[in-house]
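Observations on the model geometry
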Protein chains: 4
Amino acid sequence: MIILLKYGASKQDADEIVGQISSMGLKPLYMPGVERTVIGAIGDERVLEKLHLENHPAVDRVDKILTPYKLVCRDLHPVDTIVSMDGVLIGGGNFIVIAGPCAVESEEQMLKVAEIVKENGGHALRGGAFKPRSSPYSFQGLGIEGLKILNKVSKITGLPTVTEVVEVHDVAAVEEYASAFQIGARNMQNFRLLKSVGQSRKPVILKRGLAATVSDLLLAAEYIVSEGNPNVILCERGIRTFETATRNTLDLNAIPFLKKNSHLPVIVDPSHGTGVRDFVEPMTKASIACGADGVIIEVHNDPKNALSDGHQSLFPEQFASLMRNIKPFVLAAQSQR
Amino acid sequence: MIILLKYGASKQDADEIVGQISSMGLKPLYMPGVERTVIGAIGDERVLEKLHLENHPAVDRVDKILTPYKLVCRDLHPVDTIVSMDGVLIGGGNFIVIAGPCAVESEEQMLKVAEIVKENGGHALRGGAFKPRSSPYSFQGLGIEGLKILNKVSKITGLPTVTEVVEVHDVAAVEEYASAFQIGARNMQNFRLLKSVGQSRKPVILKRGLAATVSDLLLAAEYIVSEGNPNVILCERGIRTFETATRNTLDLNAIPFLKKNSHLPVIVDPSHGTGVRDFVEPMTKASIACGADGVIIEVHNDPKNALSDGHQSLFPEQFASLMRNIKPFVLAAQSQR
Amino acid sequence: MIILLKYGASKQDADEIVGQISSMGLKPLYMPGVERTVIGAIGDERVLEKLHLENHPAVDRVDKILTPYKLVCRDLHPVDTIVSMDGVLIGGGNFIVIAGPCAVESEEQMLKVAEIVKENGGHALRGGAFKPRSSPYSFQGLGIEGLKILNKVSKITGLPTVTEVVEVHDVAAVEEYASAFQIGARNMQNFRLLKSVGQSRKPVILKRGLAATVSDLLLAAEYIVSEGNPNVILCERGIRTFETATRNTLDLNAIPFLKKNSHLPVIVDPSHGTGVRDFVEPMTKASIACGADGVIIEVHNDPKNALSDGHQSLFPEQFASLMRNIKPFVLAAQSQR
Amino acid sequence: MIILLKYGASKQDADEIVGQISSMGLKPLYMPGVERTVIGAIGDERVLEKLHLENHPAVDRVDKILTPYKLVCRDLHPVDTIVSMDGVLIGGGNFIVIAGPCAVESEEQMLKVAEIVKENGGHALRGGAFKPRSSPYSFQGLGIEGLKILNKVSKITGLPTVTEVVEVHDVAAVEEYASAFQIGARNMQNFRLLKSVGQSRKPVILKRGLAATVSDLLLAAEYIVSEGNPNVILCERGIRTFETATRNTLDLNAIPFLKKNSHLPVIVDPSHGTGVRDFVEPMTKASIACGADGVIIEVHNDPKNALSDGHQSLFPEQFASLMRNIKPFVLAAQSQR
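Residues numbered from 1 in each chain as written. Chains lettered and ligands numbered in written order. Predicted model: local features only at pLDDT ≥ 70, side-chain atom pairs only at ≥ 80, totals over all residues. Heavy atoms only, no water.

A separate point is the sheet that holds strand β2 (residues 27-32) of chain A. Residues and elements named next belong to chain A. Pairing is antiparallel across the open sheet formed by four strands, whose spatial order is β2-β3-β1-β4. With one partner strand each, in any of the chains shown, β2 and β4 (59-63) form the two edges of the open sheet. Adjacent strand axes in the sheet meet at a mean angle of 20° when their direction is disregarded. Pairing analysis gives three bridges linking strand β1 (residues 2-5) to strand β3 (residues 37-42), with the strands arranged antiparallel. From the neighbouring strand, L4 faces β3, where its bridge partner is V38. The strands touched by helix α1 (residues 11-23) are β1, β2, β3 and β4; relative to β2, the strand with the most contacts, the crossing angle is about 160°. (Pairing = 2+ DSSP bridges. Helix = DSSP H or I, 4+ residues; strand = E, 2+ residues; numbered from the N terminus. Axes fitted to C-alpha atoms, helices over the stretch in contact; angles between N-to-C directions. Contact = heavy atoms within 4.5 Å.)

To continue, consider the side chain of D:S200. Residues and elements named next belong to chain D. Among the structural elements, S200 can be located in the loop between α6 (191-198) and β11 (204-207). Taking relative accessible area as the criterion, S200 reaches 4% and is therefore assigned buried. In terms of polar contacts, S200 uses its side chain to reach the backbone amide nitrogen of K202, at 3.0 Å. Excluding residues that lie within four positions of it along the chain, S200 makes contacts with E175, F181 and N229. (Buried < 20%, exposed > 50% of the residue type's maximum accessible area, 1.4 Å probe, protein only. Polar contact = N/O pair within 3.5 Å; in protein donor to acceptor, adjacent residues only side chain to side chain.)

Turning our attention to the interface of chain C and chain D. How big an interface is tends to be stated in terms of accessible area lost as the parts join. The interface of chain C with chain D comprises 50 residues on the first partner and 50 residues on the second. Around 4,000 Å² of area is buried between chain C and chain D when both sides are counted, 47% of it from carbon and sulfur atoms. Across the pair C:D170 and D:R192 runs a salt bridge whose closest N-O atoms are separated by 2.8 Å. The interface formed by chain C and chain D contains 30 residue pairs in polar contact (both at pLDDT 80 or more). Within the residue set of the side of chain C that touches chain D, elements represented by two or more residues are α6 (191-198) and α7 (214-226) of chain C. (Buried area = accessible area lost by both parts, 1.4 Å probe. Salt bridge = Lys/Arg side-chain N within 4 Å of Asp/Glu carboxyl O.)

Residue and element names in this part refer to chain B. Alternating residues of strand β1 (residues 2-5) divide into I2 and L4 and I3 and L5, and every residue in both groups is buried. Of the strand pairs in this sheet, β1 and strand β4 (residues 59-63) are connected by four bridges, and their pairing is antiparallel. Residue pairing for β4: L4 is matched across the bridge by R61.

Here we come to the interface of chain B and chain A. At the junction of the two partners, chain B supplies 49 residues and chain A supplies 50 residues. For the pair chain B and chain A, the two sides together bury roughly 4,000 Å², of which 47% comes from carbon and sulfur. Across the salt bridge formed by B:D216 and A:R240, the nearest N and O atoms sit 2.8 Å from each other. Our count for the chain B to chain A interface comes out at 28 residue pairs in polar contact (both at pLDDT 80 or more). If you list the elements that add at least two residues to the side of chain B that touches chain A, you get α6 (191-198) and α7 (214-226) of chain B. Among the elements that line the side of chain B that touches chain A, the one with the most residues is α7(B), at five residues. Partitioning the side of chain B that touches chain A into residue classes produces 20 nonpolar, 14 polar and 15 charged. (Nonpolar A, V, L, I, M, F, W, Y, C, P; charged D, E, K, R; others polar.)

Counting buried positions over the eight residues of helix α6 (residues 191-198) of chain A gives six, a clear majority of the element. Turning to α6(A), its buried residues are A:F191, A:L193, A:L194, A:S196, A:V197 and A:G198.

Here the focus is the domain arrangement of chain A. We note that the domain assignment places domain 1 (2-63) and domain 2 (83-335) within chain A. The C-alpha-based centres of domain 1 of chain A and domain 2 of chain A are spaced at 44 Å. (Domains from an automatic or database assignment.)

Turning to the relation of the copies chain C and chain D, a few remarks are in order. Mapping chain C onto chain D is achieved by rotating through 180° and translating by 0.0 Å along the same axis, at an RMSD of 0.1 Å. Accordingly, the operation relating the two chain copies is best matched by a two-fold axis. Closest approach to the rotation axis among the C-alpha atoms of chain C is made by C:A211, whose C-alpha sits 2.7 Å away. In this assembly, 100% of the residues forming the interface of chain C have copies in chain D that are likewise at the interface, indicating an isologous arrangement. (Least-squares fit on C-alpha atoms with pLDDT ≥ 70 in both.)

A separate point is the relation of the copies chain B and chain A. Taken as rigid bodies, chain B and chain A are interconverted by a rotation of 180° and an axial shift of 0.0 Å, the fit giving an RMSD of 0.0 Å. Of the interface residues in chain B, 100% have counterparts in chain A that sit at the interface too, so the contact is made through matching surfaces.

Residue and element names in this part refer to chain D. Spatial strand order, β2-β3-β1-β4: four strands in an open sheet with antiparallel pairing. At either end of the open sheet lies a strand with only one pairing partner, and these are β2 (27-32) and β4 (59-63). Taken pair by pair, the neighbouring strands of this sheet meet at an average axis angle of 20°, ignoring direction. Summarising the sheet, β2 and strand β3 (residues 37-42) pair through six bridges and their orientation is antiparallel. Bridge pairing in β3 links M31 to V38. Most of the contacts of helix α1 (residues 11-23) go to β2, to which it runs at about 160°, and overall it touches β1 (2-5), β2, β3 and β4.

See below:
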């Protein structure tokens with residue numbers, strides 16, 4: 001930990017801080033400069049944090065040296081984590097396509113979409129039963145009924161399923177009916193929910209929040225893993241910026257950053273990341289090219305009449321085309337791992 | 001609703017959309033231009049939304065005309081809402097100061113801080129029992145024990161209390177022990193939680209999310225009010241931008257915007273909005289000057305040893321100074337209402 | 001143009017605006033709703049803009065229908081523009097790599113780097129003679145001397161050259177010595193400079209500003225083209241967001257957006273877009289995959305001793321590896337055009 | 001300067017860097033930790049910058065200790081700078097109102113507006129002769145003719161004038177005809193232009209760029225002052241964020257930050273900062289309350305027919321009301337300096 005004192009801080013202030021560091025059994029380094037004084041402290045930063053040195057009125061800035069996410073960082077765990085979602089392996093060299101509608105609307109709809117996903121080589125099925133919506137007047141999902149439909153369609157088609165959980169109370173039901181949890185962008189820092197899915201052993205797709213840095217995302221993953229569940233899949237789905245031409249700004253820089261700094265698998269959601277169905281195929285290819293382990297995509301049997309997010313859902317023929325067109329990119333990426 | 005068709009959309013596409021609008025009993029307006037066609041639809045936009053016209057492949061853009069937040073907007077409810085928090089009135093001309101530590105740490109600490117708040121003319125006490133923290137390794141609050149301390153201190157001092165609720169499961173306990181709920185920035189779109197506090201009649205301080213537009217904030221308030229709880233207090237607490245010199249960017253433009261577009265009271269949190277204790281007083285004065293109904297401020301009896309957010313907590317003497325120095329600004333603002 | 005009146009606007013206000021539209025020889029459409037009134041106006045929006053209807057106190061919002069960038073938009077010019085940079089064609093199916101140091105430092109350095117670029121199959125050479133730097137105390141470039149070095153190295157190696165121009169006064173010199181102008185991110189809305197390079201016929205690489213929307217970028221291109229220079233190459237180089245893990249947030253969504261909405265070629269700068277040399281190769285591949293026509297990359301013979309941007313410059317062996325590794329992605333992309 | 005090495009960096013890397021620091025005559029501090037190594041370097045950071053240690057492949061991060069803006073920072077220059085604009089003093093306790101139209105449109109218009117400004121107690125007149133506009137098809141200003149009008153109106157009314165300069169070539173003309181230069185947000189990092197006005201001794205109002213941090217703003221000011229012109233007035237005018245309810249997000253946190261870290265006067269532009277004429281008065285009051293030295297405001301004799309920015313220009317009666325209503329806030333602020 002590096003502690004930068006304010007301009008004009010007294011020797012007494014410096015001594016007080018140096019003394020506090022020593023009192024915790026750590027080694028302080030006193031570095032008086034011409035204009036400012038810097039104090040270094042070598043050792044476990046969790047111990048140092050208890051000193052709350054940033055609160056001291058003579059302290060200008062505290063810079064941490066070590067990553068705050070110990071369990072999910074690659075420095076200490078160099079080998080890629082591979083997560084199994086009912087037998088579909090995510091991470092470690094495969095490229096996985098999870099596809100399906102924004103929301104479970106009916107058994108008939110889910111069966112139709114699942115057929116489209118399966119026929120074209122998709123690996124798993126997505127579909128929301130609990131829908132977080134900005135307006136209280138929008139369609140809110142079918143709830144438990146939706147989970148049951150998803151479960152039934154999974155049994156018929158053999159596709160593993162992913163669905164969002166929005167509340168601690170529903171964790172048990174989602175665990176019963178689905179193959180994997182999704183934590184949505186709005187709940188990335190719903191820490192109780194993170195701890196709750198951390199007590200399961202089912203895979204968790206953790207979506208990045210709209211205003212979350214990649215460091216925040218890794219800390220949220222640390223919440224889940226520190227509860228005992230190592231099966232976390234990180235998901236870049238776009239952040240909120242000043243650009244309004246697309247629904248969000250898909251931050252693909254995050255892919256090489258996360259792959260370099262964490263051993264967890266990383267997927268991309270180009271449907272929410274762009275909000276425009278025509279951009280889903282190019283951004284899926286880009287995700288492959290920069291090292292993602294998969295994508296999660298919205299496809300609907302009848303997007304014109306979808307109850308939510310229809311404008312960003314692929315038409316069946318678009319999905320078929322996407323699955324064909326990504327193949328040479330997947331091969332190119334795999335040849336260079 | 002204004003529907004802009006894509007360049008090159010066919011007459012058949014336009015006819016189909018016009019037909020759909022008519023079929024809902026609404027009046028379509030067909031406006032063919034030289035380059036593009038525009039279709040207008042007059043009537044209840046909630047009905048129109050069911051058509052999901054934005055999903056249609058020939059549609060480029062759908063612009064809504066009416067505000068989506070009906071209950072909280074001022075157009076239809078011109079009179080200011082005044083919320084009573086155990087007798088302290090928020091809105092309608094008063095300027096209220098809610099103050100206290102980031103977290104409830106002990107009964108002794110809360111009593112000391114409450115004395116400081118009361119002596120200097122503060123109106124209510126804040127203090128977190130459930131703390132959402134970015135890292136799983138940071139102090140997470142005292143939980144129910146913290147609520148009980150808060151309640152006891154409230155009885156001793158007579159100050160109403162505000163505390164954050166982070167989970168549906170805890171709503172009943174917070175309702176029992178505190179005067180008002182706080183919904184934190186990270187939970188602004190935790191819709192289950194919003195609905196749950198919407199079923200109470202206790203005041204709710206709703207903080208703006210880090211990436212939430214003012215429109216998102218009003219829609220979140222609509223969730224609460226549409227469940228039956230009209231006692232919502234909006235809170236600007238800074239948004240996340242590229243600027244890193246301050247912890248967040250306090251968006252004071254939001255104050256006149258919210259006062260103009262909603263009848264709900266609006267307060268400001270300059271402690272989180274700046275993250276720097278020296279900026280709390282100037283930004284409190286600025287909040288008064290642009291029309292806020294109050295502030296919520298972090299103050300601690302011993303900020304150097306605070307367990308969380310000590311660097312942005314006021315020292316007791318700073319709080320006393322702030323309470324003195326804001327007086328002429330409060331008078332100036334009240335004289336011009 | 002769609003004009004939305006404020007809640008409570010009078011019939012008289014509406015009549016006034018309808019009358020103004022008619023007076024310009026255009027056809028107004030009056031659409032009174034239950035809560036609000038909407039007025040449509042069909043016709044040339046440049047004529048309508050002269051009415052400045054957004055200034056009217058009864059007007060809430062004016063939504064434009066037509067794109068404001070007529071010359072660069074694809075609607076009216078469906079065929080891809082191909083720009084020749086001294087014989088190297090950009091746009092229309094090739095993938096071009098422009099590479100070189102951030103700054104021209106000496107003839108020896110430029111020759112070494114140019115050799116590296118050429119040997120590995122790069123198509124053109126970059127290098128700054130005029131360097132805009134955030135601090136007045138940083139290296140500001142060699143100026144005219146740098147241009148001459150660039151020109152000499154171009155003659156020796158046969159590589160076309162790109163260099164930044166920062167001032168109207170220097171346009172003539174850059175035109176004399178280099179194959180193409182670069183307009184840097186900070187000058188994207190330096191309209192005098194845009195007009196000045198618009199009077200040349202040499203290619204212009206126009207970099208997107210840090211806070212520029214894609215629409216702003218296209219309007220900036222319109223400035224150049226409307227002066228008579230059709231040879232504009234758009235360049236995505238990252239925008240400024242709250243994320244600090246990378247120097248900028250590379251907005252690859254912009255690539256399919258720009259290719260769809262404009263006929264101009266689009267390239268990517270993954271060096272500035274990430275600020276991290278290890279991320280340049282993955283983001284180059286991603287750029288290829290989502291449809292870019294090329295990249296502009298920083299490479300240096302000795303990055304450890306580079307005078308500027310060394311941390312994001314590729315080592316020679318990294319550049320060689322990148323050129324090898326992108327090949328299958330380029331082939332995959334070309335096979336699907 | 002604090003140099004953090006990458007995880008796994010070798011002792012040899014550390015020795016190399018330590019050696020480089022010593023070779024510059026500075027004192028290195030070697031701090032090996034359990035997980036990572038930190039190297040400190042005490043001394044003039046401008047010397048250290050020449051080592052370009054951030055380029056070294058073993059270096060993860062370089063944190064600077066000292067502010068990079070030496071001339072404009074308060075640490076070394078504690079006394080407030082007061083700038084005289086033809087006798088009107090900015091900084092040091094006054095609150096100055098500069099007002100006028102977005103653009104000079106005609107002599108008649110400027111005279112009318114100047115009368116309104118003067119009658120109501122405004123201190124100086126603004127008006128653009130060279131207008132940077134996003135679209136090449138928008139009104140671009142009257143140029144030199146506009147400067148002459150401004151000058152004539154200044155002589156008639158006695159009001160000092162501020163006008164934007166957008167190009168080095170025009171600096172001499174603006175210097176001849178106006179009392180002060182304005183550098184617009186789009187040109188905040190047009191370093192040639194900054195150097196050019198730095199060679200004048202006339203006051204420069206330097207507007208913050210849309211994506212500029214407060215540190216970038218201070219570095220831009222440093223460009224001007226380091227050329228010899230100490231008469232710089234900083235201007236907060238809103239930054240670009242995801243919020244679209246207002247034209248920009250006015251960052252009033254910047255006011256106490258800039259006042260604390262720099263001795264230069266700071267003013268606010270609430271017209272561009274909000275883009276909504278009704279919000280100009282509340283945000284002017286907020287600017288006073290948080291410590292600004294003045295505002296620059298758009299007012300027009302006939303906003304409905306203004307050629308640019310009419311929607312954010314005050315009507316004459318609004319300006320009169322603003323000038324009346326700010327008085328108690330100005331008094332409150334002055335009583336506490």
